[in-house]
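Residue-level structure breakdown
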Amino acid sequence: MKLSFLGAARQVTGSCYLLEGLGLKILIDCGMSQGPDLFETQTLLVYPPDIDCVLLTHAHIDHSGLLPLLGANGFKGKIHTTNATKNLCDIMLKDAAHIQEMEAEWENKKAIRNNEELKEPLYTISDAEHIMKAFVPHEYNEEFTLSSDGNIKVKFYDAGHLLGSAHIEISYVEGGKENVIVFSGDIGNDGKPIIKNPTPIKRADYLVMESTYGDRDHEQKIDSAATLANILRQTFAKGGNVVIPAFAVGRTQEILYYLREIKELNLVKQYPNFKVYLDSPLAIEATNIFEHIGKNYLDEDTISMLKKRINPISFNGLTLSVTSEDSKMINEEKEPCVIISASGMCEAGRIRHHLKYNLWKPNSTILFVGYQVAGTLGFAILSGAKKVKLFQEDIAVNANIETLSNSSSHADRTQLINWIKNIQTPPKKIFITHGQERSCEMLQAKIESELNYNTCVPYFGEEYDLETGELVKEKIIRVRKVKAAKPSLSDASFKKVNEALKRLQNVVFDSENYPNKQKEKLANQINDLANKWEHNKF
């Protein structure tokens, strides 16, 4: 078997791996990169008609988002995943296609005015609808085969990250020996509501695992409902709104769960009838799937509530805003309220309109409940930007900026290590992926020092022979996107800037163990410097 890394290599998004052997070419995930591209855009690095099948870990776009493109370019195989993931992809891929069609239409209006070449969307809604016909759903722990001789067997195990998310176990016989390769997908954070904790994996001769939080642990566990209730009380007392940029699938339903609990326990006594607006058509559709999915995907507390005919993610005062007119009416609301809207990183969707109406207000709160990729609008706001640009307008950031500290759906460093410890025999090799370079390398160091396992942090495009463990294809060099230098800027001067940046990066890395006040001071100073130079005109 040969394994190639075609995405999420030393990056957090764009999960995509190619497994070749025994007469089959198997793609594990086919995700879209999110946030700013560090390199020139790469789409598909495989010839789609050659791919026999896809194994999909879960529905998040950074794992599934290029499947319609795969189909549009000639893929004729099947996509194997869990039943819940199939249901979620049915709405998420169409939504992703709609966004691309709308963005292409907007760009083309400008292109026509400027006599420029028209832009085509990466794929269309029709492409998304077509690829859904290739999906073959399975349940957790159900074994199925990929080859006619039954030599390649697959099982999905609950990864505890998102409804339907899975660890993928592939067992095969090669050279008279049985081997097992496991793709972790995204490993869930323990104790999340609605869904179960990640399933321990007992055997993995080869392991491809994520490292989103491989460089740190989450903050101390908090009572999420009580913390959220406190933020609501403080914001409502000032007459402001609580705006929550939330990923439409997973995080939104989790927040609804906590808000139902707050209402049920009357944790905001001064405002017991506060209104909550769910302003995301995609989130509304996803919530409907959560409400009607089988009990096989739910934790015991959620099942217990359902038996009592309690809807765990619905409550009095919840309004679903479907149309754009519904969305606009929210800004006419006179009483303080909660507004949940996508996208979670503020890069697209209705959340940008709500930020425009609330970011500049000192009495409002913007509450982040998910990971923010560097370079996104959400990252900028969370990092202390004084102003941001929305709809070609500079908006001051005067609102209170908060995070729900243990809301991440990803396992932290300690949880990742503990998950590996469940494997009964040390893997022959662990490939660490799906994390920023620092996260990958720090998790690698932790695994090697604590467990003494053989690890590797692959680069984009590398190919490994699993039988020998050797690298058989070097990394693909991608050209970094940079703006053209000004004619007056000499190479020597630019070199000095880069050297200064390296020093600053080292200072930032070393600050991990600083007191919180010192870290905040450093962040403010860096942001002030960035703000100064971003607005410089040469």
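Thresholds, definitions, all that
- Residues numbered from 1 in each chain as written.
- Predicted model: local features only at pLDDT ≥ 70, side-chain atom pairs only at ≥ 80, totals over all residues.
- Heavy atoms only, no water.
- Helix = DSSP H or I, 4+ residues; strand = E, 2+ residues; numbered from the N terminus.
- Buried < 20%, exposed > 50% of the residue type's maximum accessible area, 1.4 Å probe, protein only.
- Contact = heavy atoms within 4.5 Å.
- Areas by Shrake-Rupley, 256 points an atom, 1.4 Å probe, with all protein chains shown as cover.
- Lys, Arg positive; Asp, Glu negative; His and termini not counted.
- Charge placed at Lys NZ, Arg CZ, Asp CG, Glu CD.
- Pairing = 2+ DSSP bridges.
- Axes fitted to C-alpha atoms, helices over the stretch in contact; angles between N-to-C directions.
- Salt bridge = Lys/Arg side-chain N within 4 Å of Asp/Glu carboxyl O.

Examining the overall build of the protein chain
Broken down by element type, the protein chain carries 15 helices and 23 strands. Here the protein chain, with 538 residues, has 51% of them falling under the buried criterion. Considering only contacts in the protein chain between residues 6 or more positions apart, those separated by 24 or more positions represent 73%. In the structure as shown, the protein chain presents an accessible area of about 26,000 Å², 49% of it carried by carbon and sulfur atoms. Here the protein chain contributes 63 positively and 70 negatively charged side chains, and the mean placements of these two sets differ by 5 Å.

What about the sheet that holds strand 6 (residues 135-138)?
As summarised here, the arrangement of the 8 strands in space is 6-5-4-3-2-1-22-23, forming an open sheet in which the pairing is mixed. Each edge of the open sheet carries a strand with a single partner, namely strand 6 and strand 23 (470-473). Recorded for the sheet is a direction-independent mean angle of 25° between the axes of neighbouring strands. Summarising the sheet, strand 1 (residues 2-7) and strand 2 (residues 16-21) pair through 5 bridges and their orientation is antiparallel. Bridging across to strand 2, Gly7 finds its partner in Cys16. Sheet strands in contact with helix 3 (residues 83-113) are strand 5 (78-82) and strand 6, and its direction is about 115° off that of strand 5.

Looking at the pattern of salt bridges
Scanning the model with the defined rule gives 21 salt bridges in all. Among the salt bridges present, the one from Glu254 reaches Arg251, with a minimum N-O distance of 3.9 Å. Of the two residues, Glu254 and Arg251 are both situated in helix 6 (residues 251-265); the distance of 3 residues between them amounts to about one turn of the helix. Like Glu254, the residue Arg251 is buried in the burial classification. Residue Asp279 pairs with Arg350 through a salt bridge whose shortest N-O separation is 2.7 Å. One end of the pair, Asp279, is in strand 13 (residues 275-279); the other, Arg350, is in the loop between strand 15 (337-341) and helix 10 (351-358), and 71 residues separate them in sequence.

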